[in-house]
Amino acid sequence: MIETIPASWAPVLEPVLATPQARKLASWLDAEEAAGKRIYPAEADRLRALELTAPQDVRAVVLGQDPYHGEGQAHGLAFSVPYGQKLPPSLRNIAKELQSDLGMAPPLHGNLESWARQGVLLLNNTLTVEEGKAGSHTGKGWDAITGACIAEVARADTPTVFILWGAHAQAKAARIAELGDTDRHLLIASPHPSPLSAHRGFFGSRPFSQANAFLESAGRGSVDWRI
């Protein structure tokens, strides 16, 4: 994994990836694939979120849990799918909230790369998953790696928005507050956009307009959230 780290994130991640825990994760993933298990996303896409959004460019962080576990869905960006893929239920609900919050038309695709290129770090806490088994790689060692990325952003002096959807993402709130100044950053927390929880407060939470209002007030400019 070390040779695939984007240069902008190397100072943050090289020390973490040199630890025994990270080497154990890499060996475990190799063994799982050697045993014939299908792991998503492909190895080349596992750090895609970091490739598209350098730490100094981060304006907002959207935290996910783990990648989509269906064939062809995961491509390294939380909540995003490649062009040509059907929108998963959570992403459909995100699109509905976009329409309600900012009046945006329903999207023709679910690829969120345009967000990433504007400084929205679309980071899953766990960066791999076994086909058909949601959460199957949770607790295998990714937390230290993605946690280092979140910590780097939280420590920065630049005002940043953290969008925390669901209990799993919100568990990071205390760590973000510990590392950063909560007066400097904005934390937006709501239920997950999954159909199981979206009606408990995700719909109507207006995260996109909240994020833009904060970024504009901080002189960082608004994000074009169109998909």
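Looking up the chain in an unreviewed UniProt entry gives the name Uracil-DNA glycosylase, with the organism given as Aurantiacibacter gangjinensis. Under the UniProt heading Subcellular location (unreviewed entry), the note attached to the chain is "Cytoplasm".

**Student:** Give a detailed account of the overall build of the chain, specifying residues and quantitative values.
**Tutor:** Of regular secondary structure, the chain possesses nine helices and six strands. For the chain, the C-alpha radius of gyration of 17 Å lies close to 17 Å, the compact-globule estimate for 227 residues. Projecting the C-alpha coordinates of the chain onto the three principal axes gives extents of approximately 45 × 40 × 25 Å. Considering the chain as a whole, with its 227 residues, one finds that 50% of them fall into the buried category. Long-range pairs, those at least 24 residues apart, make up 73% of the contacts in the chain between residues at least 6 apart in sequence. Of the roughly 10,200 Å² of accessible surface on the chain, 51% is carried by carbon and sulfur atoms. Across the chain, 21 positive and 24 negative side-chain charges occur, with their mean positions spaced 5 Å apart.

**Student:** Summarise the UniProt feature "active site" (unreviewed entry) in the chain; cite the residues concerned and give the values.
**Tutor:** Feature annotation in UniProt assigns "active site" (unreviewed entry) to the following positions: Asp66. Among the secondary structure elements, Asp66 is positioned in the loop between β2 (60-64) and α4 (89-102). Taking the relative accessible area as the measure of exposure, Asp66 reaches 16% and is therefore buried. With sequence-adjacent residues up to four places away left out, Asp66 is seen in contact with Asn124, Thr126, Thr128, Val129, Ala134, Gly135 and Ser136. At 2.6 Å, the side chain of Asp66 forms a polar contact with the backbone nitrogen of Gly135.

**Student:** Let's hear about the side chain of Thr146: which residues, and what values?
**Tutor:** Looking at the element boundaries, Thr146 is found in helix α6 (residues 142-155). Among all residues touching Thr146, those that are not within four sequence positions of it are Leu123, Asn124, Asn125 and Leu127.

**Student:** Pulling in residues and values, what's your account of the side chain of Asp101?
**Tutor:** Structurally, Asp101 can be placed in helix α4. Here Asp101 falls in the buried class, since its relative accessible area comes to 6%. A distance of 2.6 Å separates polar atoms of two side chains, one belonging to Asp101 and the other to Ser209. Contact partners of Asp101, with chain neighbours within four places excluded, come to Arg206, Pro207, Phe208 and Ser209.

**Student:** Tell me about the packing of aromatic side chains, residues and numbers included.
**Tutor:** This structure, assessed with the given rule, holds seven aromatic pairs. Aromatic ring contacts, followed pair by pair, group Phe79, Trp115, Trp165, Phe202, Phe203, Phe208 and Trp225 into a single cluster.

**Student:** An account of helix α9 (residues 207-217) is requested, with residue identities and associated values reported.
**Tutor:** Residues Pro207, Phe208, Ala211, Asn212, Phe214 and Leu215 constitute the buried set of α9. All buried residues of α9 fall inside an arc of 165° around its axis, so they share one side. Looking at the packing, one finds that the buried side of α9 touches α4, α5 (113-116), β5 (161-165) and β6 (186-190). One or two positions beyond α9, positive phi appears at Gly219, with a value near 75°.

**Student:** Would you mind going over the packing of α4 against α9 in detail, with residue names and values included?
**Tutor:** Remark: α4 packs on α9, axes separated minimally by 8 Å, with the N-to-C direction vectors making an angle of 60°. The angle between α4 and α9 places the two elements in the oblique class. Along its contact with α4, which presents Ile94, Glu97, Leu98, Asp101 and Leu102, the element α9 presents Pro207, Phe208 and Ser209. Here the residues of the contact of α4 with α9 are counted per class, giving five nonpolar, one polar and two charged.

**Student:** Break down the nonpolar core for me, citing the residues and quoting the values.
**Tutor:** Judged by nonpolar contacts, the single largest core of 61 residues is most densely connected at Trp9, Leu13, Trp115, Leu122 and Trp225. Sequence-distant contacts of Trp115, defined by excluding residues within four places in its chain, comprise Ile94, Leu98, Val120, Leu122, Phe208, Asp224, Trp225, Arg226 and Ile227.

**Student:** An account of the sheet that holds β5 is needed here, citing residue identities and associated values.
**Tutor:** Ordered in space as β3-β2-β5-β6, the four strands form an open sheet in which the pairing is parallel. Two strands bound the open sheet, and with one partner strand each, they are β3 (120-124) and β6. On average, adjacent strands in this sheet sit at an angle of 15° to one another, irrespective of strand direction.

About the cut-offs
Residues numbered from 1 in each chain as written. Predicted model: local features only at pLDDT ≥ 70, side-chain atom pairs only at ≥ 80, totals over all residues. Heavy atoms only, no water. UniProt positions renumbered as here; feature names shortened; annotations may be inferred. Helix = DSSP H or I, 4+ residues; strand = E, 2+ residues; numbered from the N terminus. Rg over C-alpha atoms; globule rule 2.2 N^0.38 Å. Buried < 20%, exposed > 50% of the residue type's maximum accessible area, 1.4 Å probe, protein only. Contact = heavy atoms within 4.5 Å. Areas by Shrake-Rupley, 256 points an atom, 1.4 Å probe, with all protein chains shown as cover. Lys, Arg positive; Asp, Glu negative; His and termini not counted. Charge placed at Lys NZ, Arg CZ, Asp CG, Glu CD. Polar contact = N/O pair within 3.5 Å; in protein donor to acceptor, adjacent residues only side chain to side chain. Phe/Tyr/Trp six-rings, centres within 6.5 Å; stacked < 30°, edge-to-face > 60°. Arc of directions from axis to C-beta. Axes fitted to C-alpha atoms, helices over the stretch in contact; angles between N-to-C directions. Parallel < 35°, antiparallel > 145°, perpendicular 65-115°, else oblique. Nonpolar A, V, L, I, M, F, W, Y, C, P; charged D, E, K, R; others polar. Core = buried A, V, L, I, M, F, W, Y, C linked by side-chain atoms within 4.5 Å. Pairing = 2+ DSSP bridges.

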